[in-house]
Amino acid sequence: MNNSTAILEMQSVNKVFFTENNLPKHILKDINLTIYPGDFISVIGNNGAGKSTLLNIIAGNLAADTGSIYIKNHDVTNQNVTKRAKHIARVFQDPQAGTAGELTSSQNLAVASTKQHFGLQPYRRNLAPAELKSLLQQPQMGLERFLDTPVKYLSGGQRQVLSLLMAAQKQPDLLLLDEHTAALDPKTSAAVMELTNKLVNSQHLTSLMITHKMEDALHYGNRLIMVQDGQITHDVRGDDKLKLKKTEMLSWFNYK
Ligand SMILES: Nc1ncnc2c1ncn2[C@@H]1O[C@H](COP(=O)(O)OP(=O)(O)OP(=O)(O)O)[C@@H](O)[C@H]1O
Ligand SMILES: [Mg+2]
């Protein structure tokens, strides 16, 4: 591995899917990506560009066909999703995906902090109860009032807040967000994005966030990458990202 401080390094990763007619579709093409500690990266790109596949390959839900993946210097290329879960937390687009509906909010949070009881790897460390309490006391769409309510009675926004808190509670090396605000109304989406930003900053998380909301991609994070047709076509960070204009970013979508 080239960079000893990287959280994640992908080297020449390729993924081919086969269509119903058994025709190969080259979905990820020679992906090289290094994620550094504290990076908060927005990932943009057309439908079908390969963004979710990229996240699935990082998390270990899918195996790379060729190439190597390292998490904090460890070669995880052949590790399955359960092994990698020690390092990675995910929040999905579907508010139902990240939480157990029959359990209360408190129980969901407790499960998140004791995953090892389910045969999964223990996380690096859990948030201290005081930290969690302070997070819950902030205005988060009333979630603090629903701690003893089964999660199936919560709104989509409240479930996403819970999913985010559960993910942060795990103190993962890498937080993967796949359009986690896409199913929410504009106001709730904005609130969940603000909470995301706050958690990433206060908990010093490193995060990769897929979004189709260009304003969010521009406004949040220190880095922005574009995936088009299975390749990383743009990767801007720091001052370059601060200077990036929406019009320029939109023009990337026309590039063939
Ligand atoms: N398991 C699979 N088997 C076959 N093809 C797949 C599989 N998963 C994804 N694909 C195809 O790979 C391509 C990339 O899919 P992916 O879900 O990564 O796109 P995406 O960039 O996340 O798109 P969106 O913005 O719509 O979520 C698509 O053409 C999709 O149909
Ligand atoms: Mg996707």
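Preceding block: the structure.
What counts and how
- Residues numbered from 1 in each chain as written.
- Chains lettered and ligands numbered in written order.
- Predicted model: local features only at pLDDT ≥ 70, side-chain atom pairs only at ≥ 80, totals over all residues.
- Heavy atoms only, no water.
- Helix = DSSP H or I, 4+ residues; strand = E, 2+ residues; numbered from the N terminus.
- Buried < 20%, exposed > 50% of the residue type's maximum accessible area, 1.4 Å probe, protein only.
- Contact = heavy atoms within 4.5 Å.
- Areas by Shrake-Rupley, 256 points an atom, 1.4 Å probe, with all protein chains shown as cover.
- Pairing = 2+ DSSP bridges.

Draft legend 1. Spatial organisation of the overall build of the protein. Looking only at helices and strands, the protein features nine helices and ten strands. Put simply, the protein has 256 residues, and 48% of those count as buried. Contacts spanning at least 24 positions in sequence make up 71% of the contacts within the protein whose residues lie at least 6 apart. About 12300 Å² of surface is accessible on the protein, with carbon and sulfur atoms providing 50% of the total.

Draft legend 2. Molecular detail of the pairing of strand S9 (residues 223-228). Counting buried positions along S9 gives six out of six residues, so the element sits mostly inside the fold. Here four bridges tie strand S3 (residues 40-44) to S9, and the two strands are oriented parallel to one another. What sits directly across from Ile 44, in S9, is Met 226. Strand direction decides the pairing type here: S9 and strand S10 (residues 231-237), joined by six bridges, are antiparallel. Pairing of Ile 225 across the sheet is with Asp 235, part of S10.

Draft legend 3. Geometry of the pairing of strand S8 (residues 207-210). Both faces of S8 are covered, namely the face carrying Ser 207 and Met 209 and the face carrying Leu 208 and Ile 210. Bridge analysis of S3 against S8 gives four bridges, and the strand direction is parallel. Within S8, the position partnered with Ser 42 by the bridge is Met 209. Of the strand pairs in this sheet, strand S7 (residues 174-178) and S8 are connected by four bridges, and their pairing is parallel. Residue Leu 177 lies in a different strand from S8, and its bridge partner there is Met 209.

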